[in-house]
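# Structural features, examined
Below are the chains, spelled out letter by letter.
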Amino acid sequence: MLTTVSANSDKKSQENRFRLMNDITSQANMSTSQQFERALKLTCKILDLDIGIISHIEDQQYIIDYSWSEENVLEEGQVFPLGETYCSITMAINDVVAIDNINRSLHKRHPCHQVFSMESYIGIPLTKDEQLYGTLNFSSSEAQSESFSELDKGFLLMLGNWISDTLEKKEMQEKLKEREELYEVVTVNETDMVCLHDPDGTYRFVSPSVEKILGYKPSELVGRNAYELFHPHDLQDIRTQSYQASQQGKKVKNFEYRICKKNGDYIWFETSTNPITDDRGKIIQLQTSSREVTKRKKLELLFKESQHLSSTGGWQYDLETEKLFWTEETYQIHELPIGEEITIDQAISYFHDSAQPKIRQGLREAIDKGREYDVELPIVTAKGNRRWVRAIGKVQTNEKGEVYQLYGVFQDLTNRKRMEDELRERNQELQELHETNSKIYSVIGHDLKTPLSSIVGFADLLISDADKYDESDELKESLEIIHQSSVNTASLLEDLLDWARFQGGDLSLSLKEFSIATAINQVINLLRVSANRKDVTITFEADKDITVLGDRQVITTVIRNLLSNALKFSHRGDNVIIMLKSEEEYWQVNVKDEGEGMSKEVQTQLFGDEKYSSKTGTAGEQGTGVGLRLCKELVESHDGILDFESQLGEGTTFMLSIPFDSPVYNTD
C-alpha cells in the first residue's frame, strides 16, 4: 500500500514539474528579464529554497545576471569571487550539484558555507554557443528536510536547457539589432543607394538615401519593379548587358543608365550588381549599389554631341603652377598657333570687353567657392573675328575641399547663334503675316456677313408680308428658301472664319453656364425649314435639362454642324433623332440619322490629316469638307471627344461627349 502511495506521489510531483515547465516556457509575451525572474521565483517555491540565480563566469568572477529572493538581497551585476560560491563546484565537475545539507556533505568547509552560511544548494552549468557560460543555482540558509530527488535534478536540467537556449537567442537578437542599427546609420548617411531585389528586379529593401537621390521614401519602392523606373531607351541595354549577366551569377560593375525620379525627371545612374545565391547556387536576390552620375554624364555627352554640332575644345588651369593648357581645337577657335604659350589673363583678354567681367566673376567664384559655371559669351579671335562660345568651368578639389585645378570646355556656337538670329527674323515675318491674315479674316467677315444679315432680315420681312402680294403659297415658299439659304450661307461663313481663327490660335473660349437643351432647341428651330423641305422629322429626346459650363457659341456651332450634316444625308421621309444624356462624369449629345451612312474608306478619312472632299447631299446639297474637322477641334478645345458610328446604307450617329470637370474650366 505504501508503494502505491509513493508511486502516485512521484507521478503527481512529476506532473507538477512538467506543468510548471510548460508554464515557464510559454510566456512569450514577456521580456527575457521577466521570464527569467518568474522562472526563478516559481522554481524556488517548488524546491522550497530562498534564492534563485542565473550567473555568468568571467575570469574566475561570479557575476549575477538575474536573481530572485523574497527580500531582494541581490542585484544584477553583483560580483563575487567564484571560489566563494558553491558554483565553483558546479563549474569544476560540469554537472548537476545537489547538496541538501552542507554539514553532512564533503563541502562543509567550503568558503561559501563559512562566508554566506548557505546550508542547501542545487545548481547546474549553463552553456552558450556550446561553451560554458555560467550557472543556474538555487540555495537556502536552511538545510533541506528531504534530499533533492531525481525529479528535482531532471527538472533543473530542463530549465537549464531552456535558459541556455533563451540566452543564445537573446544574444543573437541583440547582435542582429546592433547590426541593423549600424546598417541604418551607414545607409542613412550613405550617398549611394543600396538595394536588395528579387531576381526579376522587384525591390525588397531600399536604403534611406533613396529619398535624397530619387525623392521616394523606401516604403514607396518596396514591392515595385525597378524596370518601371528605367528610361525606355535604356531597357534593352539593361536586359542584355546587366540583367542577363547577373542571372548567370556574374557581378556587373558600373553599368550606366537613366532612371526616373518621383518628380518625373530622369537622372543618370551608375550601378554595380552582386548576385546572391543559395547553397545550390540558385540566385535568390540581387544586391545593387547605385550613385548619381548625371553631371559627369552630361559633360561626357556634351563632348560627344558637340563634336558633331560644332568645334569643341578643352582647357585646364593649375592654380599652383598657374599653367594654362589648351587643346588644339581651343587654339583653332581663338585662331592662334597651336601650342603657343598663353596665360590666364591673355585667355580672358580674348573675350569681348562686355563679356570679360562675367568670365572673371565665374573664374573667381570657381576658385574661391568651388562653384562651376556654364555661360555663353562673345570672343574676339586673334585675327579680329567675332565668335560666340560656350564656356564651361569645372573644379577639382583636394581632400580638404580646396580647389587646386580648374578644367572645362570651349564650344564654338557661332553657327548656332547665326541660325538663331535667322530664326528670330523668320518668326518676326511670320508674326507680321499672321497679323495680316487676321485683318483679312476680319475684313472678309465684316464685308460678307453684313450683306448676308441684310438679306436674312429682308427675307423675314417679305415672308411676314407675303400674303399682301400673293395669296398663293408659291411666293412664300420661295422666300423661305431664300431665307434658309442665306442663313446657311451665314453659318458656313461663320464656320470658315472660326476654322481660320482656330488654326491661327485666335479663337478664345468664353466660358459660361447655360442650358444645353435650350441651345439644342434653338439649333432645331434654325434648321426646321431645311428639314421640312426634305420632309425629314427632327425629334429631340432628353430625360432632363442640363446646365453645363462652356462656350455656348462654340458648342452650338458643333451641334448645328452635326444636325445640318444629318439632314444633308437623310432621305425624304427619314427621321433624325437628337438625344441628350447625362452621365456621372460627362454630358453627351448624340445626333442619329437614317441616311446613306459612310463606307470604311470615308470613315478613315473623316477626321484625318489628309484633305477630305465633302460629298454631295441626298438633295444635291454642297459642303466645304471643313465642318466636321472644325467640330472635332472645337470639341477638343473643351477636353471633349467627338466620335461616330456608321453603317453604309443604314445611317450614322455622331456622339459629342464633354466632361463636367474639364481642366479647361479651371481658369485660375
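Residues numbered from 1 in each chain as written. Predicted model: local features only at pLDDT ≥ 70, side-chain atom pairs only at ≥ 80, totals over all residues. Heavy atoms only, no water.

The helix and strand tally for the protein stands at 20 helices and 23 strands. In the protein, the share of contacts with a sequence separation of at least 24, taken over all contacts with a separation of at least 6, comes to 56%. Just so you have it, the protein exposes about 38,800 Å², and 47% of that area is on carbon and sulfur atoms. (Helix = DSSP H or I, 4+ residues; strand = E, 2+ residues; numbered from the N terminus. Contact = heavy atoms within 4.5 Å. Areas by Shrake-Rupley, 256 points an atom, 1.4 Å probe, with all protein chains shown as cover.)

One open sheet holds the 5 strands; their spatial order is β8-β7-β11-β10-β9, and the pairing between them is antiparallel. Because the sheet does not close on itself, it has two edges, and the strands there are β8 (203-206) and β9 (252-260). Averaged over all adjacent pairs, the angle separating strand axes in this sheet is 30°, with direction ignored. Pairing geometry for β9 and strand β10 (residues 266-277), over 7 bridges, is antiparallel. Among the inter-strand pairings, Tyr257 is bridged to a residue of β10, identified as Phe269. Each of β9, β10 and β11 (283-292) is contacted by helix α8 (residues 235-247), which is oriented at about 135° to β9, the strand it contacts most. (Pairing = 2+ DSSP bridges. Axes fitted to C-alpha atoms, helices over the stretch in contact; angles between N-to-C directions.)

For the rest of this paragraph, the subject is the sheet that holds strand β6 (residues 131-140). Read across the sheet, 6 strands follow the order β3-β2-β1-β6-β5-β4 without closing on themselves; strand pairing throughout is antiparallel. What marks the edges here is a single partner per strand, and that holds for β3 (79-81) and β4 (97-99). Strand-to-strand twist in this sheet, taken as the mean axis angle between neighbours without regard to direction, amounts to 25°. For β4 and strand β5 (residues 120-128), the ladder comprises 3 bridges, and the chain directions are antiparallel. Paired with Ala98 across the two strands is Ile122, which belongs to β5. With respect to the sheet, helix α2 (residues 32-47) is in contact with β1 (51-58), β2 (61-69), β5 and β6, its orientation differing from that of β2 by roughly 75°.

All right, on to the side chain of Asn590 then. By the element assignment, Asn590 lies in strand β21 (residues 586-593). Excluding residues within four positions of it along the chain, Asn590 makes contact with Ile577, Ile578, Met579, Lys581, Thr653, Phe654, Met655 and Leu656.

Turning our eyes to something else, we now look at the confidence of the model for the protein. Looking at the protein as a whole, its pLDDT mean stands at 82, while 80% of the residues score no less than 70. In the model, residues 1-7 has pLDDT below 50 throughout and makes 0 contacts with residues more than four positions away in sequence or in other chains. Segment residues 185-189 is flagged for pLDDT under 50; beyond a separation of four residues in sequence, or across chains, it makes 5 contacts in the model. (pLDDT = per-residue confidence, 0-100.)

With that settled, consider the nonpolar core. If you look at the biggest cluster of nonpolar residues, it comprises 40 residues, and the most contacted ones within it are Ile516, Leu563, Trp587, Val589 and Leu656. For this core, the elements supplying multiple residues, two or more each, are α16 (516-526), α18 (552-568), β20 (575-582), β21, α19 (600-606), α20 (627-636), β22 (641-647) and β23 (651-659). The element that contributes the greatest number of residues to this core is α18, accounting for 8 residues. Those residues within four positions of Leu563 in sequence are excluded, and the remaining contacts are Val523, Ile524, Leu527, Ile538, Val576, Ile578 and Val591. Ile344, Leu377, Val395 and Phe410 belong to the second-largest nonpolar core, a separate cluster that totals 27 residues. (Core = buried A, V, L, I, M, F, W, Y, C linked by side-chain atoms within 4.5 Å. Buried < 20%, exposed > 50% of the residue type's maximum accessible area, 1.4 Å probe, protein only.)

Here α2 spans 22 Å end to end across 16 residues, near enough to the 22 Å set by a 1.5 Å rise per residue. Within α2 the residues assigned to the buried category are Thr32, Gln35, Phe36, Ala39, Leu40, Thr43, Cys44 and Leu47. Along the axis of α2, the buried residues cluster in a sector spanning 160°; they form a single face. Trailing α2 by a residue or two, Asp48 shows a phi angle of about 60°, which is positive. (Expected span 1.5 Å × (residues − 1). Arc of directions from axis to C-beta.)

With that out of the way, let us pick up the pairing of β11. One ladder, built from 5 bridges, connects strand β7 (residues 193-197) with β11; its direction is antiparallel. Its bridge partner being in β11, His197 is matched across the sheet by Leu286. Pairing analysis gives 9 bridges linking β10 to β11, with the strands arranged antiparallel. Note on β11: the bridge partner recorded for Pro275 is Leu286.

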